[in-house]
Structures are given as structure tokens and as C-alpha cells.
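# Commentary on secondary and tertiary structure
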Amino acid sequence: MKTLCLVIDEVHPSLPELLAPLGVQVHYRPDLTAAEVPAALAAQPYAGLMVRSKLRITAALLAHGPHLRYVARAGAGVDNIDEVALAAAGVTLLNAPEGNRDAVGEHTLGLLLALFRNIARADHEVRHGSWRREANRGEEIGGKTIGLLGYGHMGRAFARRLSGFGCTVLAHDNDPDCAPDHHATLVPLAELQARAEVLSLHIPYSAANHGFVNDDFLTGFANPIWVLNTARGEVLDHAALVRGLQSGRLRGAALDVLENEKLAQLTAAQQARLDFLQSAPNVVLSPHIGGWTHQSYARINEVLAQKIGAFLRRGPVPG
């Protein structure tokens, strides 16, 4: 039996071809505005809804899709999806962290290298006619102790890429079922804070994790540390980050995500913090592109197609 899936964000064009053998017909509507999605969802008996970040999936939205059986997030993070509302409506959540974990792992390593070796700053200087070798003398990853906060798909991908650098990798995850592997040693948070020289954030955003890495958390480290964030901007208290950089307690930062990524809508305080980060010579910034590669764009579709297929094989999906 054929089922319908409404896709409201742009995805790689391979999706219809991947879903057709599963009996899923794609209605590809990335042109829809957030305000138009409820009516579009109600217009057809959609069994599936595929989204990226266009809007928040809430109980009110789900009420417009009484036939929905799954919501597929074309990416890893699900912070724009009310999982409690989905469970109450009997709707299954599918996401694809396997699709962009390698991209995030590579980008995090790139940020660490850029931070340690002053790559962005040195490039800017040479382009402007300045040749400063001693001022750009860098640090090596080898011999350092790298601490990962969160050891899911993204943290593991970063740890795998660190395995050839001769460093010690520690990881802390609050999931008691988090399985160890040979790329990192799982440790209590207190041990990570006692030993790490670099802190890399790989925890998802949730209300409980908002500002989790704050002044108290950062001052708990025995060593002055470098901070990397390729997770979500909101898990890091940017005011604490700025204070740490200003005091020297933090040796530098590399951020792929910000507390507010709508740069035209920053509060005065957010703008002041961003101004500081943009001017700091020991800060590297990129525009939330950690998982954003040509390969991951296609791979996310492949992962979701596999998961949708497995979901549909578990039982009939009413049309």
C-alpha cells in the first residue's frame, strides 16, 4: 500500500528515488512557509512528515495531521521537535545522526587544528602583507588530553579522528548505557575536569542542557582549557565563555554554533558578546557548517530511507 510523506524543507534530490521502492510517495514542498504547513498537512492523509528546521513540531501542529505515523528529521538534532507531543500522538520520531556524524567529526578536528595552529589568523595576515612566524607559533595535538562532553554519534566520530594524533581522549556521557570503545576512555565528569586541556561539546540541546557549560562548570577545570562547540550554541553560556576568555582561564575557543544564529535579531548583550568573539585573536568561528558537506547531504537521505523502511516493515501504516 502506498503512503504519502510531506517534505517541507529542502533535502537532497535523491529522496523520491530512495523512498519509491518502499511504497512512499513524496510530496516535496520546501516552498511552504511555516504558517502554511498546518493547512498543507491537513489537506492529504500524510503518514510521514519530513523536516529540517523550518518550524517547531508541536501538539498543535500534529493535530492537523491525524494520519501521521512518523516525523523524520533530516539531520541529527531534534531540539525543534516536541518529543512528548509526538509520543502522546503515537507518532514515531526518526532522525539521521549517522548521516552527518563523519562531517561533524572532521569539522571539529579542523577547528581544533585551526585554533592550535592559528590558521585563520595567519591566513588573514599573509593576505594583508604581514609575515609573522613567531607570533603564530602553535600548539600540537600530540600529548594533549582532549575531553569530550557527550559520547554519542558526534563525539565518537571526533574521537576516531583523534586516534592518530598521539593524544589522550577522555569522554563523559550521562547515559548509563553509553558503551565504551577503544577511541576514548569513559570517565566521571570530575575526572574529565581534572585532566582535560581541551573541552569539546557534543551534547544535544534540551531545556535541561540550556547553558549547561556555565561559569561553575568551566571553573571546575584544573587546567586552563580550549573550548570547541560543534553541538548547539545554547548548551554553552556565552557570557561565561567571554568572561573565561577575558580572564585567561580559557585559552581559546572554536565555535561552529552560536547562542543566537539569527545575526540580524541579536539582543544588545548578544551583540556585545559576538563583537568580542569576532575580534578575539584566539577564537575561530564558522557558520554552523559542521555537518554540512555534499556527502552528508546525500547520506542523510540514505539513513532516513533505511529507517523509514524499517519502520514501515514493522506494520501497516494507515493511509
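In short, a report on the structure. Values in this document were obtained by computation on a predicted structure and should not be read as measured data. (Residues numbered from 1 in each chain as written. Predicted model: local features only at pLDDT ≥ 70, side-chain atom pairs only at ≥ 80, totals over all residues. Heavy atoms only, no water.)

So, on to the sheet that holds strand β8 (residues 185-186). The pairing of strands in a sheet comes from backbone hydrogen bonds and takes either a parallel or an antiparallel form. Spatially, β8-β7-β6-β9-β10-β11-β12 is the arrangement adopted by the seven strands of the open sheet, whose pairing is parallel. Looking at the sheet topology across the chains shown, the edges are occupied by β8 and β12 (283-285). With five bridges joining them, strand β6 (residues 145-149) and strand β7 (residues 168-172) adopt parallel strand pairing. Each residue of the ladder has a partner; that of T145, found in β7, is T168. In this fold helix α5 (residues 97-117) packs onto β6, β9 (198-201), β10 (225-229), β11 (250-255) and β12, with an angle of close to 145° to the strand it touches most, β10. Set on the sheet, helix α10 (residues 238-247) makes contact with β11 and β12; between it and β11 the angle comes to about 140°. (Pairing = 2+ DSSP bridges. Helix = DSSP H or I, 4+ residues; strand = E, 2+ residues; numbered from the N terminus. Contact = heavy atoms within 4.5 Å. Axes fitted to C-alpha atoms, helices over the stretch in contact; angles between N-to-C directions.)

This paragraph deals with the pairing of β11. Most of β11 is tucked away: five of the six residues are buried. Of the pairings in the sheet, the one linking β10 to β11 comprises five bridges and is parallel in character. Residue N229 lies in a different strand from β11, and its bridge partner there is L255. The parallel pair β10 and β11 is bridged by α10, and the resulting crossover is right-handed. Sheet topology places β11 next to β12; three bridges connect them, and they run parallel. Within β12, the position partnered with A253 by the bridge is V283. For the crossover that starts at β11, traverses helix α11 (residues 268-279) and ends in the parallel β12, the hand is right-handed. (Buried < 20%, exposed > 50% of the residue type's maximum accessible area, 1.4 Å probe, protein only. Right-handed = clockwise from strand over helix to strand, strands pointing away.)

Let us look at unusual backbone geometry. With a phi close to 55°, N118 is a non-glycine residue in the positive phi region. Considering the arrangement of structural elements, one finds N118 in the loop between α5 and α6 (119-127). A positive phi is found at H288, a non-glycine position, where the angle reads about 55°.

Attention now goes to the sheet that holds strand β4 (residues 70-73). If you trace the five strands from one edge of the open sheet to the other, you get β2-β1-β3-β4-β5, paired in parallel fashion. Looking at the sheet topology across the chains shown, the edges are occupied by β2 (24-28) and β5 (92-95). The average angle at which neighbouring strand axes cross in this sheet is 20°, direction not considered. In terms of strand pairing, strand β1 (residues 3-7) meets β2 through five bridges, oriented parallel. Bridge pairing in β2 places L4 opposite Q25. Packing against the sheet, helix α12 (residues 294-313) makes contact with β2, β3 (48-51), β4 and β5, and its axis sits at approximately 155° to β5.

Below, the discussion takes up empty space enclosed by the protein. Summed over all chains, the structure comprises one cavity of 30 Å³ or more. Of the pockets and cavities examined, the largest cavity occupies roughly 60 Å³. It is α11 that contributes the most residues to the lining of the largest cavity, four residues altogether. The class makeup of the residues in the lining of the largest cavity is five nonpolar, three polar and two charged. (1 Å grid on protein atoms, 1.4 Å probe; cavity = no way out; pocket = protein on both sides within 12 Å on 5 of 7 lines; lining within 4 Å. Points joined across faces, edges and corners; volume = space filled by probe spheres on them. Nonpolar A, V, L, I, M, F, W, Y, C, P; charged D, E, K, R; others polar.)

By themselves these figures say nothing about function.
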